[in-house]
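Spelled out from the first residue to the last, the chains are:
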There are 2 protein chains.
Amino acid sequence: MEALHKKIREEGIVLSDQVLKVDAFLNHQIDPALMKLIGDEFAALFKDSGITKIVTIEASGIAPAIMTGLNLGVPVIFARKQQSLTLTENLLSATVYSFTKKVESTVAISPRHLTSSDRVLVIDDFLANGKASQALISIIKQAGATVAGLGIVIEKSFQGGRAELDAQGYRVESLARVKSLAGGVITFID
Amino acid sequence: MEALHKKIREEGIVLSDQVLKVDAFLNHQIDPALMKLIGDEFAALFKDSGITKIVTIEASGIAPAIMTGLNLGVPVIFARKQQSLTLTENLLSATVYSFTKKVESTVAISPRHLTSSDRVLVIDDFLANGKASQALISIIKQAGATVAGLGIVIEKSFQGGRAELDAQGYRVESLARVKSLAGGVITFID
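Residues numbered from 1 in each chain as written. Chains lettered and ligands numbered in written order. Predicted model: local features only at pLDDT ≥ 70, side-chain atom pairs only at ≥ 80, totals over all residues. Heavy atoms only, no water.

## Describing the relation of the copies chain A and chain B
Argument step 1. Least-squares fitting of chain A to chain B yields an RMSD of 0.0 Å, with the transformation described by 0.0 Å of translation along the axis and a rotation of 180°. On the angle and the small slide along the axis, the relation comes out as a two-fold axis. If distances are taken from each C-alpha of chain A to the rotation axis, the shortest is found for Ala59 of chain A, at 2.6 Å.
Argument step 2. Most of the interface of chain A is mirrored in chain B, where 100% of its interface residues are also at the interface. (Least-squares fit on C-alpha atoms with pLDDT ≥ 70 in both. Contact = heavy atoms within 4.5 Å.)

Structure (structure tokens):
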């Protein structure tokens with residue numbers, strides 16, 4: 001997606017060979033117009049997939065997910081990283097280790113909002129080692145729902161998450177595929 | 001805002017005299033079309049306020065904030081509740097106590113994204129005791145920026161947050177003002 005590639009080139013900061021900082025438009029400050037374009041792109045890619053729900057993780061996945069949901073006309077559920085006192089019922093949950101934050105957290109979704117008849121599109125801001133995506137897939141399967149595909153804003157293709165999802169047979173659509181950050185230079189696939 | 005009142009009446013769950021659960025459309029599952037209406041309403045209310053930035057807190061503030069930012073054509077910054085390894089610079093921060101989660105957390109914004117020339121609209125999902133709003137106001141002031149107003153999706157008017165903001169002279173626009181949850185009945189102001 002050219003508008004996204006351009007934004008990453010202009011405003012992304014390479015912190016190391018592994019870490020791309022996009023706090024200027026995605027992870028801290030958010031560009032709503034770019035999120036709209038991203039949501040429209042995901043919606044176009046998955047419009048024939050019979051999506052009934054979108055699932056993401058707080059916090060950075062919410063903006064692209066909500067724009068996709070607006071276009072497709074379906075609700076968005078964001079998995080919570082810790083249990084709040086107003087989420088009191090039994091929860092569908094999975095653990096996820098964040099390499100960026102170096103903490104393991106529990107992500108959870110209320111079973112009230114996800115049923116076995118749902119066809120779910122997973123949306124997330126980053127795909128790196130795939131731990132977050134695998135946790136969401138686990139939760140969706142616990143609900144008996146179907147994973148119809150994954151929409152990723154930025155994929156770090158040099159890490160193992162994409163290959164694992166491909167091997168599992170999931171449809172993955174990444175709008176920017178970063179081949180390498182070596183030497184501080186951002187190289188895309190394609 | 002009638003569409004919001006209707007949604008709260010139909011899908012809100014009164015957990016106690018103090019706690020209204022709106023996980024079906026705002027705090028866990030999100031209704032994107034309703035968020036669009038909410039964003040358009042905030043944008044209409046503040047269109048003449050010279051807003052240059054929107055500030056909210058992760059996670060439930062992001063959806064209404066991003067829809068408001070899309071309409072007004074301005075970036076959205078979400079304050080983070082804990083410091084991540086990719087937010088490495090000096091941060092503007094404030095502590096906030098959540099009565100719902102019964103934890104104190106530090107919320108932070110990078111000074112790179114907020115400057116003294118900014119006129120900021122604060123958007124949040126709930127206004128109860130006002131601790132989150134006061135933390136965001138503190139951060140905005142630390143940046144030397146101007147608080148142009150606050151847009152709240154649901155105000156619990158029987159708690160002290162609104163009165164404190166009024167006394168401080170801030171413009172507060174709440175789309176639903178809950179007068180009481182007593183006896184499990186939701187009563188609105190107006």
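## Some points on the UniProt feature "binding site: xanthine" (unreviewed entry) in chain A
Argument step 1. In this structure's numbering, the residues bearing the UniProt feature "binding site: xanthine" (unreviewed entry) are Leu20, Asn27 and Lys156 of chain A.
Argument step 2. Judged by relative accessible area, Asn27 of chain A falls into the buried class, the value being 9%.
Argument step 3. In this view, Asn27 of chain A contacts Val22, Ser60, Asp125 and Phe126 of chain A together with Phe78 and Arg80 of chain B; residues no more than four positions away in its chain are not counted.
Argument step 4. Engagement of the side chain of Asn27 of chain A in a polar contact is seen with the side chain of Ser60 of chain A, the distance being 3.2 Å.
Argument step 5. Topologically, Lys156 of chain A is positioned in strand E9 (residues 146–156).
Argument step 6. Beyond its immediate chain neighbours, meaning those up to four positions away, Lys156 of chain A contacts Gln18, Val19, Phe126, Leu127, Ala128, Val178 and Leu181 of chain A.
Argument step 7. A polar contact of 2.7 Å, which involves the side chain of Lys156 of chain A, links it to the backbone oxygen of Gln18 of chain A. (UniProt positions renumbered as here; feature names shortened; annotations may be inferred. Buried < 20%, exposed > 50% of the residue type's maximum accessible area, 1.4 Å probe, protein only. Polar contact = N/O pair within 3.5 Å; in protein donor to acceptor, adjacent residues only side chain to side chain. Helix = DSSP H or I, 4+ residues; strand = E, 2+ residues; numbered from the N terminus.)

## Here's the deal with helix H3 (residues 62–72) of chain A
All names here are of chain A.
Argument step 1. Most of H3 is tucked away, with 8 of its 11 residues classed as buried.
Argument step 2. Taken together, the buried positions of H3 are Ile62, Ala63, Pro64, Ala65, Ile66, Met67, Thr68 and Gly69.
Argument step 3. With its phi angle positive at about 70°, Gly73 sits one or two positions after the end of H3.

## Notes on the packing of H3 of chain A against helix H2 (residues 32–46) of chain B
Argument step 1. Running from N to C, H3 of chain A and H2 of chain B point in directions that differ by 105°, and their axes come no closer than 8 Å. Comparing the axis directions of H3 of chain A and H2 of chain B gives the class roughly perpendicular. Touching Ile66, Gly69 and Leu70 of chain A of H3 of chain A are Pro32, Ala33, Met35 and Lys36 of chain B, all from H2 of chain B.
Argument step 2. For the contact of H3 of chain A with H2 of chain B, the per-class residue count stands at 5 nonpolar, 1 polar and 1 charged. (Axes fitted to C-alpha atoms, helices over the stretch in contact; angles between N-to-C directions. Parallel < 35°, antiparallel > 145°, perpendicular 65-115°, else oblique. Nonpolar A, V, L, I, M, F, W, Y, C, P; charged D, E, K, R; others polar.)

## Looking at the pattern of salt bridges
Argument step 1. A complete count under the given rule lists 22 salt bridges over all chains for this structure.
Argument step 2. A salt bridge links Asp40 of chain B to Lys36 of chain B; the nearest nitrogen and oxygen atoms lie 3.0 Å apart. One end of the pair is Asp40 of chain B and the other is Lys36 of chain B, both in helix H2 and 4 residues apart, which spans about a single turn.
Argument step 3. Salt bridges sharing partners connect three or more residues here, namely Glu155, Arg162, Asp166 and Arg177 of chain A. (Salt bridge = Lys/Arg side-chain N within 4 Å of Asp/Glu carboxyl O.)

## A few points about the nonpolar core
Argument step 1. Of all hydrophobic cores here, the largest spans 72 residues; its most connected members are Ile154 of chain A together with Ile154 of chain B.
Argument step 2. Residues in contact with Ile154 of chain A, not counting those within four places in the same chain, are Ile8, Leu20, Val22, Leu26, Asp125, Phe126, Leu127, Ala176 and Val178 of chain A. (Core = buried A, V, L, I, M, F, W, Y, C linked by side-chain atoms within 4.5 Å.)

## Considerations on the interface of chain A and chain B
Argument step 1. Contact with chain A, which involves 47 residues of that partner, is made by 47 residues of chain B.
Argument step 2. Summed over both partners, the interface of chain A with chain B comes to about 3800 Å²; 64% of that surface belongs to carbon and sulfur atoms.
Argument step 3. Remark: the boundary between chain A and chain B carries 0 salt bridges.
Argument step 4. Where chain A meets chain B, there are 14 residue pairs in polar contact (both at pLDDT 80 or more).
Argument step 5. Going through the elements one at a time, strand E3 (29–30), helix H2 (32–45), H3, strand E5 (76–79) and strand E7 (103–109) of chain A are the ones with two or more residues in the side of chain A that touches chain B.
Argument step 6. The greatest single-element share of the side of chain A that touches chain B, amounting to 6 residues, is contributed by H3 of chain A.
Argument step 7. Where E5 of chain A and strand E3 (residues 29–30) of chain B come together, 2 bridges link them in antiparallel fashion. Across the sheet, residue Val76 of chain A finds its bridge partner in E3 of chain B, namely Ile30 of chain B. (Buried area = accessible area lost by both parts, 1.4 Å probe. Pairing = 2+ DSSP bridges.)

## A closer look at the pairing of E9 of chain A
Taken residue by residue, a regular strand's side chains alternate between the two faces of the sheet.
Residue and element names in this part refer to chain A.
Argument step 1. Of all 11 residues making up E9, 10 are buried, and the element is well covered by its neighbours.
Argument step 2. Two elements, strand E8 (residues 119–127) and E9, share 8 bridges in a ladder whose sense is parallel. Note that in E9 the partner of Val120 across the bridge is Val147.
Argument step 3. Chirality of the crossover, the property in question, places the unit of E8, helix H4 (residues 131–142) and E9 among those that are right-handed.
Argument step 4. As judged from the 6 bridges shared by E9 and strand E10 (residues 172–180), these two strands associate in the parallel manner. From the neighbouring strand, Glu155 faces E10, where its bridge partner is Arg177. (Right-handed = clockwise from strand over helix to strand, strands pointing away.)

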